[in-house]
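Commentary on secondary and tertiary structure
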Amino acid sequence: MPQQTDTDTTGPAASPDPPGPPGPPPGEGRADRAVVRDALGVGVAVGLSGFAFGVTAAGAGISLAQTCVLSLFVFTGASQFALVGALAAGGNPLTAAAGAFFLGTRNAFYGLRLSTLLRLPRGVRLAAAHWVIDETSVVALSQPDRRSARLGFTVTGATLFVLWNLTTLLGALGAGALGDTEAWGLDAAGPAVFLALLAPMLRTVVERVTAAVAVVLGLGLLPVLPAGVPVLVAALAAPLVLTGRRLSPGGRGARPVRSGEREGYEEGSR
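For clarity, every value in this text was computed on a predicted model and none was experimentally measured. (Residues numbered from 1 in each chain as written. Predicted model: local features only at pLDDT ≥ 70, side-chain atom pairs only at ≥ 80, totals over all residues. Heavy atoms only, no water.)

Here the focus is the overall build of the chain. Secondary structure assignment for the chain yields 14 helices and zero strands. In the chain, which comprises 270 residues, the proportion classed as buried is 30%. Looking at the chain alone, contacts between residues at least 24 apart form 71% of all its contacts between residues at least 6 apart. Carbon and sulfur atoms form 66% of the exposed surface of the chain, whose accessible area is close to 16700 Å². (Helix = DSSP H or I, 4+ residues; strand = E, 2+ residues; numbered from the N terminus. Buried < 20%, exposed > 50% of the residue type's maximum accessible area, 1.4 Å probe, protein only. Contact = heavy atoms within 4.5 Å. Areas by Shrake-Rupley, 256 points an atom, 1.4 Å probe, with all protein chains shown as cover.)

What follows is the structure in structure tokens.
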């Protein structure tokens, strides 16, 4: 007599589990982690320099509330340091503000490039515009695609905004414990960070010459012009260099250049 088994082979086959949501493409999670890691590194490193701004602003006689408002609503380190430095040197407030404003106009040019790269929804563009600064632009523009650029921009902006404002507050509160703030040289921290980010972006001869002329104009006129004015005069470096380039061989309005000369000129300008 055959034994009866527990398995019913005559019934319908068990249906497989329904497929779950598709996972991320291979390697995408690893790429996201790399972007977040780099963005956090930039945000933390630069955000901590807000302590230097808080100390410098307090040493210049700016109140705690004014210092915190500057970091909250201006939120562009180089311009903040320029404003505070000009005021500390006895410059006219309007001149100091004008110098800081023109130094901050670079963010408008960053915004033009980032608007086409990020393609953010209309509802968040205004808030995102407040985070268009050197660091977020560098991180976003170095990414290979739009998704990574958005991630890098967001993480860098959020990290830097929180840390910059927190360390600004701590620096302003602790300035009294440091004594003479000028002896620490903390006012150089912000410009140093800005130059460290800017230097790798000067890749062509025209860009390097423009930067060099701006430095010469700014430093050369520093002893003879009121505080804040040399920064405004340094902005003349760009039209001076571009005008000289147009008048040089191969430039617009110059005599025709033979092919051999043009090749040598283009090779030297790279």
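That was the structure; now back to the text.
Before going further, it helps to spend a moment on the packing of helix H5 (residues 93–104) against helix H6 (residues 106–118). Packing of H5 against H6 leaves a shortest axis separation of 4 Å and a crossing angle of 20°. The orientation of H5 relative to H6 falls into the category roughly parallel. Taking contact as the criterion, the partners of Phe 102, Leu 103 and Gly 104 in H5 are, on H6, Arg 106, Asn 107 and Ala 108. When grouped by side-chain class, the residues that make up the contact of H5 with H6 number three nonpolar, two polar and one charged. (Axes fitted to C-alpha atoms, helices over the stretch in contact; angles between N-to-C directions. Parallel < 35°, antiparallel > 145°, perpendicular 65-115°, else oblique. Nonpolar A, V, L, I, M, F, W, Y, C, P; charged D, E, K, R; others polar.)

Taking 1.5 Å per residue, 20 residues should reach 28 Å; helix H1 (residues 28–47) reaches 28 Å between its end C-alpha atoms and fits that length. Every buried residue of H1 is listed here: Asp 32, Val 35, Ala 39, Gly 43, Val 46 and Gly 47. In a view along the axis of H1, the buried residues occupy a sector of 95°, so they form one face of it. Turned more than 90 degrees away from the buried face of H1 sit Arg 30, Arg 33, Arg 37 and Ala 45, all of them exposed. (Expected span 1.5 Å × (residues − 1). Arc of directions from axis to C-beta.)

We describe a pair of aromatic rings using the distance from one ring centre to the other and the angle between the two ring planes. The final tally for this structure, using the stated rule, is five aromatic pairs. Between the aromatic rings of Phe 75 and Phe 161, the centroid separation amounts to 5.0 Å while the plane-to-plane angle is 80°, which identifies the pairing as edge-to-face. Linking Phe 75 in the loop between helix H3 (64–73) and helix H4 (77–88) with Phe 161 in helix H9 (residues 146–178), this pair joins segments that are 86 residues apart in sequence. Phe 161 sits in the partly exposed class, given a relative accessible area of 21%. Residues Trp 131 and Phe 161 carry aromatic rings whose centres are separated by 6.4 Å and whose planes lie at 40° to one another, so their mutual orientation is tilted. Remark: Phe 161 occurs in helix H9 and Trp 131 occurs in the loop between helix H7 (122–129) and helix H8 (134–141); sequence separation between them is 30 residues. (Phe/Tyr/Trp six-rings, centres within 6.5 Å; stacked < 30°, edge-to-face > 60°.)

A cluster of basic residues, Arg 119, Arg 122, Arg 125, Arg 146 and Arg 150, forms a positive patch on the protein surface. Secondary structure elements with two or more residues in the positive patch: H7 and H9. Turning to its location among the elements, Arg 122 is positioned in helix H7. Among the residues examined, Arg 122 registers a relative accessible area of 72% and is labelled exposed. (Patch = residues over 30% accessible without salt bridge, like charges linked within 9 Å, V, L, I, M, F, W, Y side chains within 5 Å. Salt bridge = Lys/Arg side-chain N within 4 Å of Asp/Glu carboxyl O. Lys, Arg positive; Asp, Glu negative; His and termini not counted. Charge placed at Lys NZ, Arg CZ, Asp CG, Glu CD.)

If you look at the biggest cluster of nonpolar residues, it comprises 16 residues, and the most contacted ones within it are Phe 53, Leu 160 and Trp 164. Among all residues touching Trp 164, those that are not within four sequence positions of it are Val 46, Gly 47, Ser 49, Gly 50, Phe 53, Ser 71, Phe 75, Gly 77, Gln 80 and Phe 81. Counting residues in each nonpolar core, the second largest holds ten residues, with Leu 114, Leu 120, Ala 128 and Phe 153 among its members. (Core = buried A, V, L, I, M, F, W, Y, C linked by side-chain atoms within 4.5 Å.)

Attention shifts here to the layout of surface pockets. The computed volume of the second largest pocket comes to approximately 340 Å³. If you trace the second largest pocket, you find 18 residues lining it, with Gly 111, Ala 128, Ala 129, His 130 and Val 132 closest to the centre. Sorting the residues of the lining of the second largest pocket by element identifies H6 and H7 as the ones contributing at least two each. Sorting elements by how many residues they give to the lining of the second largest pocket places H6 first, with six residues. Here the lining of the second largest pocket is composed, by residue class, of eleven nonpolar, five polar and two charged. (1 Å grid on protein atoms, 1.4 Å probe; cavity = no way out; pocket = protein on both sides within 12 Å on 5 of 7 lines; lining within 4 Å. Points joined across faces, edges and corners; volume = space filled by probe spheres on them.)

This part is about unusual backbone geometry. Phi is mostly negative for residues that are not glycine, and the peptide bonds are mostly trans. Phi angles above zero are rare outside glycine, and Phe 75 is one such case at about 50°. Judged by relative accessible area, which is 3%, Phe 75 ranks as buried. Here the phi dihedral of Arg 119 falls at roughly 50°; this positive angle occurs in a residue that is not glycine. Inspection of the secondary structure assignment puts Arg 119 in the loop between H6 and H7.

Right, let's get into the packing of H6 against H8. How two helices pack is summed up by the angle between their axes together with the distance between the axes. Contact geometry of H6 with H8 gives a least axis separation of 10 Å together with a crossing angle of 30°. Between H6 and H8, the crossing angle belongs to the class labelled roughly parallel. Once H6 is placed against H8, the crossing between them reads as left-handed. On H8, the residues touching Arg 106, Asn 107, Tyr 110, Arg 113, Leu 114 and Leu 117 of H6 are Asp 134, Ser 137, Ala 140 and Leu 141. Residues belonging to the contact of H6 with H8 are distributed by class as follows: five nonpolar, two polar and three charged. (Left-handed = near helix turned anticlockwise from the far one by under 90°.)

Function cannot be inferred from these measures alone, as they are strictly geometric.
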